[in-house]
Every structure is written in structure tokens, then in C-alpha cells.
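The residues making up each chain are set out below.
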Amino acid sequence: MRGKAQTVLGLVEPSILGKTLMHEHLLWNVTRPDRRAMPAEGGPDARQYFRILTGDVIDPRDTTQRDRELAAREAELMVRAGGSSIVELTIGGLCPDPEGLANVSQVSGAHIVMGCGHYVQDYQDPGNIDRSIDSFAQEMIDQVQLGAWGTSIRAGIIGEIGSQWPWTDLEKRVLKAAIMAQEETGASLTIHPSRHQDHPWMLVEFLRENGADLSRTIIDHIDRTIFDEDRLFRLADSGVVLEWDLFGQENTYYAHANIDMPNDGMRLKTIRTLIDRGNVNQIVISHDICHVIRLAEFGGHGYAHIQENVLPLMRRRGYSEAEIETIMVGNPRRLLTFV
């Protein structure tokens, strides 16, 4: 596996990955476990677009997407727009569908790299409470090397490993196991931090204490977590990769926390400050689509948004082609290549 990347269709040369979205969901269930008995078929009412987007309307049809044909149509839009690869991070607790991802890849032409591991404790199987670190580590190693979730389809990245606030003992055990799996497999590790602004740094300290390769570890959701340069620069100086993965979310009325969610223009301004500091090799971007209302067929921006709108905006804002290539191609290729 060393020197290769691994998609849901098998090992590939990393050079074919092209422009890559580093954090997405194609087939998922992020509906809270206590709401999963509610009807979830058919997609949300697009007439309720704004109220669903801002959290005023809770609809499991928005937070559940199991339709392989819909996923393939949406992924194909990205391919047509010039994108190539999608990192799909629907893992334990979110109802992963490896065979579905393989089908979506075959139909859409998108290269799909699947994640592995477990999401935040509230979504995990209650049986995980009593599991050991070694048990979680072996599971993730097997998901990369043998096959995931009862299939022969193998993961190509570890994560998005979930953590919430307060950070739980179970989540710490899963992350420690993920670090062990990172070392054993040579895969990169991607982490969903809590919304506490100091938690990403706590993650860095934990990663250091447990021997993680920080240069191959991604801290997700920077755009909803870090809002000041001191914290941002400190994270960058640690060597971790920083991920702005909520591109396309332009709404102030963020449903999950009392924050002022940046729009895409502000995201690009913040990323520019890091590039000017010499941190361009530590930046990746994506949309983290996990709500049906954000898909193009339901009036949302879809997976083609970065290709169609963000990259042209980057050029208008003075980003060079070399910088765009590094963020969209070079950094993902490095992170998705086994070492």
C-alpha cells in the first residue's frame, strides 16, 4: 500500500486523484439517534429551505441520505465541473455504506476515498463503552487493510474521529486507537473537534503525547471553531493540517452554536493570512455536505460549488494557480498517499 492511495474501488496511483474535496458525505445518517424512528424518506421540503438551513425546522429527511442514485447524480456534477475525488467520512454511528460508495463511484466517475473509525459518543453503538483501545485500533487497521463494515471495501483514511464537549473518555480511547492505526497503516488521520474554541489545541497536545504524525493529521471544521489569529497561528505552528470544510454555508444563523459563521469570502481571507505566513502546505478545503437541503437537486450548492464558485473567487482575490493547485491537488494527494 505504501506510495499508493486507496479508493473504494481499490488501490490507485495518487497522481490520478486530481482536485479533491477532503471532507464530504454521500450516503449518511446524521439524524440524532433518538429521532431515527421518524420518517426519513424522500428528502426535505425545499419550500422550507431557509428554516431547515437555520435549524428552525428539524426534519430527519434532511439529515438522512441513503439514495445511491441521488448521490451519484450529485457527485457527477462535481466531476463535470472539473473535480475528481471525494473523501467520504461517514463512519461508525453515521450508518456507513461501503458498497453504496463503490456504486456511486462507478456511476459518477468520481474517485471516492472512504474513512473509518467512530463519530462522537452520542452516535456510537452503546456496546463501544466497554471496548478497549486495542480493540478499536485493530478494527481501524482492519478497515484499512482488509475491509470495512462487513465488506471487502477498504478505507483510505482514518476518521473523521469524533469528539464533543465535554470530551469523553470513550472518545479519547477511540482517538488514541486511531493514532495507533495511523502508525500501523501509514494512513492519514482526520478529526472532528468539538465546538469549544480551545479543543483543537487540546487535541494537538493529546496527539503529541500519543505519538501521532501531526503533519498527516487534519483538524476539521476550522471555520466554525477558530475565530482569532492567535489560536489559528498556534495550531498552524504545531504542524497539523487545517481544514476549512464548510464552504457554501453562507448563513449567519448557524443551528449548532452561537457563532458568526464566516461566509466563503471570509474563509478565503483567513486562509490568505496563513498562506502569507508560509503555511500553504497545511490547508485543505471542502463542503462537509451532510444535509440533503445542501444538495443541488434540493436548491443547495452541491459538491460542485468549490469548482464552480470558490476557485473563481480565489482567482479574483489574488490566489495564484500554484496556491490553488497546492490546496486542491498537492496537499490532498500527499495526505491520501500511504507512507
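The structure under discussion appears in the preceding block.
In what follows, the accompanying structure is described. Only a predicted model underlies this, so the values are computations on that prediction, with no experimental measurement involved. (Residues numbered from 1 in each chain as written. Predicted model: local features only at pLDDT ≥ 70, side-chain atom pairs only at ≥ 80, totals over all residues. Heavy atoms only, no water.)

A few points about the overall build of the chain
Here is the rule: Helix numbers and strand numbers start at the N terminus; a helix is a DSSP run of H or I with at least 4 residues, a strand a run of E with at least 2. Computation of the radius of gyration draws on C-alpha atoms alone. For the globule rule, the value is 2.2 Å times the number of residues to the power 0.38. Exposed residues in this analysis have more than 50% of their type's maximum accessible area, buried residues have under 20%, and partly exposed residues fall in between, with area computed by a 1.4 Å probe over protein chains only.
Summing up its helical and strand segments, the chain has eleven helices and twelve strands in all. Its C-alpha atoms give the chain a radius of gyration of 18 Å, within 12% of the compact-globule value 20 Å for 339 residues. Structurally, the chain occupies a C-alpha span of about 50 × 45 × 40 Å along its principal axes. For the chain, buried positions account for 60% of its 339 residues.

Thoughts on the pattern of salt bridges
Which entries qualify depends on this criterion: Should a side-chain nitrogen of Lys or Arg be within 4 Å of a carboxyl oxygen of Asp or Glu, the pair is scored as a salt bridge.
For the structure shown, the criterion picks out 17 salt bridges. Of the charged contacts, one joins Arg 61 and Asp 59 as a salt bridge, the two residues approaching to 2.9 Å between their closest N and O atoms. Take Arg 61: its relative accessible area is 29%, and that puts it in the partly exposed class. Taking relative accessible area as the criterion, Asp 59 reaches 11% and is therefore assigned buried.

What to know about the packing of helix α5 (residues 133-145) against helix α6 (residues 169-185)
As a reminder of what qualifies: Axes here refer to lines fitted to C-alpha atoms; in helices the fit is confined to the stretch in contact. Angles between the N-to-C directions go from 0 to 180 degrees. Convention used here: angles under 35 degrees read as roughly parallel, angles over 145 as roughly antiparallel, angles from 65 to 115 as roughly perpendicular, and any remaining angle as oblique. By the definition used in this description, the sense in which the near helix is turned from the far one sets the handedness, with an anticlockwise turn below a right angle giving left-handed and a clockwise turn giving right-handed. In this analysis, two residues are considered to be in contact whenever any of their non-hydrogen atoms come within 4.5 Å of each other. In this classification, Asp, Glu, Lys and Arg are treated as charged, Ala, Val, Leu, Ile, Met, Phe, Trp, Tyr, Cys and Pro as nonpolar, and every other residue, Gly included, as polar.
For the pair α5 and α6, the least separation of the axes is 8 Å and the interaxial angle reads 45°. It follows that α5 is oblique to α6 by the angle criterion. Regarding α5 and α6, the two cross each other, and that crossing is right-handed. Of the residues in α6, those touching α5 at Ile 133, Asp 134, Phe 136, Ala 137, Met 140, Ile 141, Val 144 and Gln 145 are Leu 170, Arg 173, Val 174, Lys 176, Ala 177, Ala 178, Met 180, Ala 181, Glu 184 and Thr 185. Per-class residue counts for the contact of α5 with α6 are twelve nonpolar, two polar and four charged.

What to know about the side chain of Asp 288
The condition is simple: A positive count includes Lys and Arg, and a negative count includes Asp and Glu. His and the chain ends are not counted in either.
Note that Asp 288 resides in the loop between β12 (283-285) and α10 (305-316). No salt bridge is formed by the buried Asp 288; its nearest oppositely charged neighbour, Arg 294, is found at 5.7 Å. The residues touching Asp 288, leaving out its near neighbours within four places in the chain, are His 23, Glu 24, His 25, His 221, Asp 245, Leu 246 and Arg 294.

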